[in-house]
Amino acid sequence: MYSLNDAARTALEALMSSGTYEYQSEFARRYLAQGREEGRQEGRQEGLQEGEMIALLEVLEARGLQVDEQSRQRIAVCTELKQLKHWLRKAVSVRSVQELFES
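Residues numbered from 1 in each chain as written. Predicted model: local features only at pLDDT ≥ 70, side-chain atom pairs only at ≥ 80, totals over all residues. Heavy atoms only, no water.

Q: So what exactly am I meant to see when it comes to helix α4 (residues 81-91) here?
A: Since there are 3.6 residues in each turn of an α-helix, residues three or four apart along the chain are aligned in direction. For α4, the full list of buried residues reads Leu81, Leu84, Trp87, Leu88, Lys90 and Ala91. Along its buried surface, α4 packs onto α2 (26-62), α3 (69-77) and α5 (97-100). (Buried < 20%, exposed > 50% of the residue type's maximum accessible area, 1.4 Å probe, protein only. Helix = DSSP H or I, 4+ residues; strand = E, 2+ residues; numbered from the N terminus. Contact = heavy atoms within 4.5 Å.)

Q: Would you mind going over the packing of α2 against α3 with me for this structure?
A: Relative placement of two packed helices is described by the angle separating their axes and the distance separating the axes. As a packed pair, α2 and α3 sit with axes 9 Å apart at the nearest point and diverge in direction by 155°. In this view, α2 runs roughly antiparallel relative to α3, as classed from their interaxial angle. Crossing hand, α2 versus α3: right-handed. Across from Met53, Leu56, Leu57, Leu60 and Glu61 in α2, the residues of α3 making contact are Arg72, Ile75 and Ala76. When the residues that make up the contact of α2 with α3 are grouped by side-chain class, the tally is 6 nonpolar, no polar and 2 charged. (Axes fitted to C-alpha atoms, helices over the stretch in contact; angles between N-to-C directions. Parallel < 35°, antiparallel > 145°, perpendicular 65-115°, else oblique. Left-handed = near helix turned anticlockwise from the far one by under 90°. Nonpolar A, V, L, I, M, F, W, Y, C, P; charged D, E, K, R; others polar.)

Q: Would you explain the nonpolar core in this entry?
A: Side chains that are nonpolar tend, in soluble globular proteins, to be buried together. Leu56, Leu60, Ile75, Trp87, Val97, Leu100 and Phe101 are the most contacted members of the largest nonpolar core, which has 16 residues in total. Of all the elements in the fold, those that place two or more residues in this core are α2, α4 and α5. In contact with phenylalanine 101, other than residues within four places in its own chain, are Ser71, Arg74, Ile75 and Trp87. (Core = buried A, V, L, I, M, F, W, Y, C linked by side-chain atoms within 4.5 Å.)

Written as structure tokens, this is what we have:
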């Protein structure tokens, strides 16, 4: 079994965490790239969800509908983009925020 002494291990860890280290194996490069792409996709999804949530609250407030804390929290914790889009479409015609959540 191979092992590095403490000084060599510390130097290698510093190099790898500096952001400039290039992995030598194709295996490591492939899985690092895959992880980055998955992170980008998750970030895009979260950004879309946040945008829909903000738009929904803006439409409700622009229409003069009072958004109580419970409704605001329900909207804020929703992670389903499809549901947020559905609520946003309904927000342009509902008479109350409670009506927004009705089927």
